[in-house]
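Chain and residue survey
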Amino acid sequence: MFLQQLVNGVTLGSVYALIALGYTMVYGILELINFAHGEIFMMGSFFGLLFWWILEMTGLSKVIPIPLAIFLMFIFSMIATAFLGALLEFIAYRPLRSVTNRLIPLISALGASIFLQNFAMLTFGSTNRVYPAIFPDVGWNLFHARISLIQIFIFITCILIMAGLTVLVNKTKLGRSMRAVAQDYVTASLMGIRVNRIITITFMIGSSLAAAAGVMYGMYYGVAKFDMGYLAGLKAFTAAVLGGIGNIPGAMLGGFCLGIIESFGAGYISSEYKDMFAFLMLLFILLLRPSGLLGQQVPDKV
Amino acid sequence: MMNIRFRRRIKNVARFWNNLDMRLKWGILFVIAIVYPFLASSQYYVHIMNLAFIYVVLSLGLNIVCGLAGLLDLGFIAFYAVGAYTYAILSIKLGLSFWEILPIACLTTALFGLLVGSAAFRLRGDYFAIVTMGYGEIIRILANNLTFLTNGPIGIAGIPRPTLFGFKFEDPFQYYFLALSFVAISIFLTYRFQASRIGRALEAIREDEIAAVSMGVNLKNFKLISFIIGAMLGGSIGVFFASYATFVSPESFSFMESVMVLAMVVIGGMGTIEGPVIGALILVFLPEALRSLSDYRMLIFGALMVFMMIVMPKGFMGWIKPRRILKVAEEENSFVTRDF
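About the thresholds
- Residues numbered from 1 in each chain as written.
- Chains lettered and ligands numbered in written order.
- Predicted model: local features only at pLDDT ≥ 70, side-chain atom pairs only at ≥ 80, totals over all residues.
- Heavy atoms only, no water.
- UniProt positions renumbered as here; feature names shortened; annotations may be inferred.
- Helix = DSSP H or I, 4+ residues; strand = E, 2+ residues; numbered from the N terminus.
- Rg over C-alpha atoms; globule rule 2.2 N^0.38 Å.
- Buried < 20%, exposed > 50% of the residue type's maximum accessible area, 1.4 Å probe, protein only.
- Contact = heavy atoms within 4.5 Å.
- Areas by Shrake-Rupley, 256 points an atom, 1.4 Å probe, with all protein chains shown as cover.
- Lys, Arg positive; Asp, Glu negative; His and termini not counted.
- Charge placed at Lys NZ, Arg CZ, Asp CG, Glu CD.
- Phe/Tyr/Trp six-rings, centres within 6.5 Å; stacked < 30°, edge-to-face > 60°.
- Core = buried A, V, L, I, M, F, W, Y, C linked by side-chain atoms within 4.5 Å.
- Buried area = accessible area lost by both parts, 1.4 Å probe.
- Salt bridge = Lys/Arg side-chain N within 4 Å of Asp/Glu carboxyl O.
- Nonpolar A, V, L, I, M, F, W, Y, C, P; charged D, E, K, R; others polar.
- Axes fitted to C-alpha atoms, helices over the stretch in contact; angles between N-to-C directions.
- Parallel < 35°, antiparallel > 145°, perpendicular 65-115°, else oblique.

An unreviewed UniProt entry lists chain B under the name Branched-chain amino acid transport system permease protein, with Thermodesulfobium acidiphilum given as the organism. We quote the UniProt Subcellular location (unreviewed entry) comment for chain B here in full: "Cell membrane".

Next comes the structure, spelled out in structure tokens:
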């Protein structure tokens, strides 16, 4: 039981962590809660499904080996969603960049989120869409817990993506400019960094991570639905805050913590209250550590 | 450009409107509001107006927390839910009347606001926002699962309707005047509150917390008061909602509702009193106006919300009435952010 819940929690947590990264990266740079990020995740899931439909229609799904098909599904969905994220930034956020009131972009994000959700409903229908069960249903029993191949796959892919992101942010020139923009974009622009381009790239990276999470989520639960972004987005945002918003390792930690808490709460106490445990835990941790697990206390500027 | 001419025309109307005396202004509006149900072509439009009135009071309540004290509350609908459930439960289980429950519900929501507020005020900015979102969700989940009290996801049906001196409120037309009096009282209270010592202290907090503290404003107490007053407005209209719909279920109190109320406040213009009223009317009537587009209605609605924010980033009130005083400070800020 314990191990089983842990495995389930880690799987769920990996998905949350990937979505939370998108929230936290955008927040780190623009101090903006990207409310439409949950919808980006949902669109990512649908883009993956769309790619599979294309494969089926052209008959390629029988020709291409399954690992390659899955890989291509991820790549297609991540690229398409990255452009969607960039488009979102361009339409809904960029015109509001100079607005000082931070609630304004928030409401714009809300509008974008309503738009995307209804767009998905109109194009993909309002019912559950079945995800192809292309993943072989194999698993291993380990100390009375069943670990399936897809769970291992999700965990390893997440770790790889996160490692890649960490290297990108900490070691490359792009990463350095991202950190510079996050710290102080005025100075960064004086240093010759194209702030707008960096912001667009940040949105693209965040969105493609959400897309990867969306495809995994679809494969894991076997369905995609137009309103799946709402709760997943809310949870991922909670995870980002739990870890300390704006902090990349924090988002990963927060995602895993949230997934595990939820899974244990559902397994040991009651599955009806599982969403509540996530939020109660959040309240509890924030009361003890007001800026999240890894967040730093920023003193007020006078 | 037609756009500019249109805007200028609106601004001329607005200038005329702004120069009117405040009492005259609201007087005119109330006369219109009283005549409205007699002119409305069907009960349906009266019903929509009643819904709009509910949102008007909700956004006035949120405006006290958000616009006046500058706290981002993403779980405001929780107070509304507490009010609605208080009425539903007390009227069915104990048989109390509408007028008895109204003060009780106000007290319950105030206590609830105090509880949440005193825990949340240790946090700043977005952390505060997420905690308010958390309690909003917790209330909804509790309503969903405390089946013995709330009847779970099925909801409570058959809630008794209010009576006044033997007169029973039944159709939207009769409810209309009850709703209107709720709106009138809320507007009056908000005006008085904003002009009071507490209201001015809250505005000082919103503009600059540190300056306000050094002037001797007790941050925590004043923020709590704003929270409680907002909560009471939300709770009281929750009572009205439960009695009007005669049915409550957790579905009516989702996070999306909180965000919609916030959108009403922001779209109308935060910190003003006309703003939330206009915002609520716009966001309730817009989907109605778009009804002919059927399936595409909410799609267009979302796009229009983005568009409205881009065109009038200070809300509707800020759009028709630019505030000169703040201009210097804003230009200073936008100097660095404008073009890079």
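The next subject is the overall build of chain B. A tally of regular secondary structure across chain B gives 16 helices and 4 strands. Over its C-alpha atoms chain B spans a radius of gyration of 20 Å, differing by no more than 12% from the 20 Å that the globule rule assigns to 340 residues. The burial tally for chain B puts 51% of its 340 residues in the buried class. The long-range share in chain B, meaning contacts at least 24 apart out of those at least 6 apart in sequence, stands at 76%. When the accessible surface of chain B is summed, it comes to about 15800 Å², and 66% of that surface belongs to carbon and sulfur atoms. Side-chain charges of chain B comprise 28 positive and 20 negative groups, with the mean position of each set lying 6 Å from the other.

Inspection of every chain in the model, using the stated rule, returns 36 aromatic pairs over all chains. Geometrically, the ring pair formed by Y23(A) and F237(A) is tilted, given 5.4 Å between the ring centres and 35 degrees between the ring planes. One end of the pair, Y23(A), is in helix α1 (residues 2-30); the other, F237(A), is in helix α9 (residues 228-243), with 214 residues separating them in the sequence. Grouping residues by exposure puts Y23(A) and F237(A) together as buried. Ring geometry for F79(B) and F112(B): centres 5.6 Å apart, planes at 75 degrees, overall edge-to-face. Taken together, the positions of F79(B) in helix α4 (residues 77-94) and F112(B) in helix α5 (residues 98-120) put the pair 33 residues apart, joining distant regions of the chain. On the accessibility criterion, F79(B) (0% relative accessible area) is buried. Aromatic ring contacts, followed pair by pair, group F76(B), F79(B), F112(B), F128(B), Y135(B) and F227(B) into a single cluster.

Turning next to the nonpolar core. Among the nonpolar cores identified, the biggest contains 214 residues, and M219(A), V248(B) and L262(B) are the most heavily contacted of them. At 16 residues, the largest contribution of residues to this core is made by helix α3 (residues 43-68) of chain B. With sequence-adjacent residues up to four places away left out, L262(B) is seen in contact with L103(A), L106(A), I107(A), L62(B), C66(B), L72(B) and L74(B).

All right, on to the interface of chain B and chain A then. Contacts between the two partners involve 48 residues from chain B and, on the opposite side, 54 residues from chain A. Here chain B packs against chain A, burying approximately 4600 Å² in sum over the two surfaces, 78% of which is carbon and sulfur. The tally of links from chain B across to chain A stands at 0 salt bridges. Of all the elements, helix α6 (residues 125-145) of chain B adds the most residues to the side of chain B that touches chain A, at 11 residues. In the side of chain B that touches chain A, the residues fall into 35 nonpolar, 7 polar and 6 charged.

With that settled, consider the packing of α4(B) against α6(B). All names here are of chain B. Where α4 meets α6, the axes come as close as 9 Å, and the angle between the chain directions of the two elements is 30 degrees. With respect to α6, the axis of α4 lies roughly parallel. Facing α4, whose interface residues are A78, F79, A81, V82 and Y85, α6 presents Y135, G136, I139 and A143. Looking at the contact of α4 with α6 residue by residue, the class counts come to 8 nonpolar, 1 polar and no charged.

This part covers the side chain of Q194(B). Residue placement: Q194(B) occurs in helix α8 (residues 172-195). Contact partners of Q194(B), with chain neighbours within four places excluded, come to L68(B), G199(B), R200(B), E203(B), G271(B) and I273(B).

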